[in-house]
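# Structure at a glance
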Amino acid sequence: RQLYRDDRVRWTRHILIYWGFVGLWILDAAFFFFTKILNVPPRHPFHLFLDFGLDLYGGVLLLGLAVALIRAYFVRGSKSSIYNDTPAVTLFFVVVVTGFMLEALRLASVPYQSYMAWSFLGLALAMPIRSMNWPWAAWHEWLWIFHAVAASASIAYIPLSRMVHVFAVPVGRLLESQQALLAAKVRSVGLGLMGRGPTR
């Protein structure tokens, strides 16, 4: 609420990126479990629901990352630039874009089926290239490797970036809500710094 009052653009960016990540994380875990372990077929209604949800939340995340990059460009050099983390946002943007490109190549490399419409963003990207007689399946394999490396790099970069606040802020808010616990922690750290250790 405070962020919404202070800066609507930053609030929009945070909401889109947050819910994009949350939605993708939940649906991707469900997709892996139901399609790789339980072997739910592609035309099953739940599989189609997951296809639609992954495209939807991927689009939400992509929009949030685009807003972040555009805002970073316009506020560069100003005080507001302290809230930007352009390297991390760029990494995640590349991951999401290559994810959609992977989906497009996968759909373009096989004959069209009506159920593919549930992957609405991937199909929209696949349709213009479907008629081109290029080795989409081979490109898909190489792009998947690049996508996996970029995704791993973006995750590894989180502790070095400002995006670590995704974890730090909730912990800080939890400690602030537990004043007795916070006071005990501060006292313990203070005693430790003085070399006295915690007292019983």
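Of note, Asn39 is a non-glycine position whose phi angle comes to about 55°, a positive value. For Asn39, the position within the fold is in the loop between helix H2 (8-37) and helix H3 (45-75). You can call Asn39 exposed: its relative accessible area is 56%.

With that settled, consider a nonpolar patch on the surface. Taken together, the side chains of Tyr4, Trp11, Ile15, Tyr18 and Trp19 present a nonpolar region at the surface, about 490 Å² in accessible area. If you tally residues by element for the nonpolar patch, the top one is H2, at four residues. Its place among the elements puts Trp11 in helix H2.

The next thing to look at is the side chain of His47. Topologically, His47 is positioned in helix H3. By relative accessible area, His47 is classed as buried at 9%. Contacts of His47, omitting those with residues within four sequence positions, involve Phe31, Thr35, Val40, Pro41 and Pro42.

About the criteria used
Residues numbered from 1 in each chain as written. Predicted model: local features only at pLDDT ≥ 70, side-chain atom pairs only at ≥ 80, totals over all residues. Heavy atoms only, no water. Helix = DSSP H or I, 4+ residues; strand = E, 2+ residues; numbered from the N terminus. Buried < 20%, exposed > 50% of the residue type's maximum accessible area, 1.4 Å probe, protein only. Patch = residues over 30% accessible without salt bridge, like charges linked within 9 Å, V, L, I, M, F, W, Y side chains within 5 Å. Areas by Shrake-Rupley, 256 points an atom, 1.4 Å probe, with all protein chains shown as cover. Salt bridge = Lys/Arg side-chain N within 4 Å of Asp/Glu carboxyl O. Contact = heavy atoms within 4.5 Å.

These figures come from the coordinates and say nothing about function on their own.
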